[in-house]
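If you want the building blocks of each chain, they are given just below.
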Amino acid sequence: MWYQQTLTLKAQPRGFHLVTDEIVSQLTSLSAVRRGLLHLLLQHTSASLTLNENCDPTVRTDMENHFLRQVPESAPYQHDYEGADDMPAHIKSSLLGTSLLLPVGHGTLLLGTWQGIWLGEHRNRGGGRRIVATLQGE
């Protein structure tokens, strides 16, 4: 069986946000899958999806601080039509990626004990974000 739906994540401030529960709560067909895969594609070029620490929020703060140092807004970017935060957001999105492929078993995501899905919001005001979720399995 195959299921596909578009999820909408609420607008978040710049930084990394744990969104596992927000995603799972919108996946209406997840409980029907005994064994399968969930593919998530974030439909934006200035945000990212990644799998990381789901317990200690200081990890997300440290990650944001790392990327602010490594990809500064003050660099001499040519692409700046949409503001100083736009080109750095594109770079961060490419470095981290915009998709995840996750195993599903008995109607739940088979994540590790300390793993959660993060949204990396790389714009100062990115707005709501859309994810195409494609679920396949039996």
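Owing to the predicted nature of the structure, the values given are computational and were not obtained by experimental measurement.

Conventions used here
Residues numbered from 1 in each chain as written. Predicted model: local features only at pLDDT ≥ 70, side-chain atom pairs only at ≥ 80, totals over all residues. Heavy atoms only, no water. Helix = DSSP H or I, 4+ residues; strand = E, 2+ residues; numbered from the N terminus. Rg over C-alpha atoms; globule rule 2.2 N^0.38 Å. Buried < 20%, exposed > 50% of the residue type's maximum accessible area, 1.4 Å probe, protein only. Contact = heavy atoms within 4.5 Å. Pairing = 2+ DSSP bridges. Phe/Tyr/Trp six-rings, centres within 6.5 Å; stacked < 30°, edge-to-face > 60°. Core = buried A, V, L, I, M, F, W, Y, C linked by side-chain atoms within 4.5 Å. Arc of directions from axis to C-beta. Salt bridge = Lys/Arg side-chain N within 4 Å of Asp/Glu carboxyl O.

1. Description of the overall build of the chain
Now for step 1: From N to C terminus, the chain includes three helices and eight strands.
Now for step 2: Taken from N to C terminus, the helices and strands of the chain fall in the order β-β-α-β-β-α-α-β-β-β-β.
Now for step 3: Radius of gyration (C-alpha) of the chain: 16 Å, near the 14 Å computed for a compact globule of 138 residues.
Now for step 4: Viewed in the frame of its principal axes, the chain has a C-alpha envelope of about 50 × 30 × 20 Å.
Now for step 5: Residues counted as buried form 40% of the 138 residues belonging to the chain.
Now for step 6: By sequence separation, contacts in the chain at least 24 residues apart represent 83% of the contacts at least 6 residues apart.

2. Here's the deal with the sheet that holds strand β5 (residues 99-105)
Now for step 1: On the basis of which strands lie adjacent, the open sheet formed by five strands has the order β1-β8-β3-β5-β6 and antiparallel pairing. Both outer strands of the open sheet, β1 (2-9) and β6 (108-109), are each paired with one neighbouring strand and no more.
Now for step 2: The pairing of strand β3 (residues 35-42) with β5 spans seven bridges and is antiparallel. Paired with Leu37 across the two strands is Pro103, which belongs to β5.

3. Quick look at the packing of aromatic side chains
Now for step 1: Under the counting rule described, the total for this entry stands at two aromatic pairs.
Now for step 2: For the ring pair Phe16 and Phe67, a centre distance of 6.1 Å and an interplane angle of 40 degrees mean the geometry is tilted. Taken together, the residues span a long stretch of sequence, with Phe16 in strand β2 (residues 13-18) and Phe67 in helix α2 (residues 57-70) at a distance of 51 residues.
Now for step 3: A relative accessible area of 6% places Phe16 in the buried class.

4. A look at the nonpolar core
Now for step 1: Residues Ile23, Leu38, Leu40, Ile117 and Ile131 are the most contacted members of the largest nonpolar core, which totals 21 residues.
Now for step 2: Elements with a minimum of two residues in this core: β1, β3, β4 (47-53), β5, β7 (115-125) and β8 (129-137).
Now for step 3: Other than its neighbours up to four places away in sequence, Leu40 contacts Ile23, Leu49, Thr98, Ser99, Leu100, Leu102, Ile117, Ile131, Val132 and Ala133.

5. Topic: helix α3 (residues 86-96)
Now for step 1: Restricting attention to buried positions, one finds in α3 the residues Asp86, Pro88, Ala89, Lys92 and Ser93. Take α3 and look down its axis: the buried residues cluster within an arc of 155 degrees, on one side only. When the buried face of α3 is taken as reference, the exposed residues oriented beyond 90 degrees from it are Ser94 and Leu95.
Now for step 2: Positioned one or two residues after α3, Gly97 has a phi angle of 100 degrees, which is positive.

6. Some details on the pattern of salt bridges
Now for step 1: Applying the stated criterion across every chain, the model contains eight salt bridges.
Now for step 2: The partner of Arg14 in a salt bridge is Glu73, with the nearest N and O atoms 2.5 Å apart. Of the two residues, Arg14 is situated in strand β2 and Glu73 in the loop between α2 and α3; the sequence distance between them amounts to 59 residues.
Now for step 3: Across the salt bridge formed by Arg34 and Glu138, the nearest N and O atoms sit 3.6 Å from each other. Placement of the pair is Arg34 in the loop between α1 (20-26) and β3 and Glu138 in the segment after β8, with a sequence separation of 104 residues.
Now for step 4: Owing to a relative accessible area of 40%, Glu138 belongs among the partly exposed residues under this scheme.
Now for step 5: In the salt-bridge network here, residues are joined through shared partners; they are Glu82, Asp85, Asp86 and Arg123.

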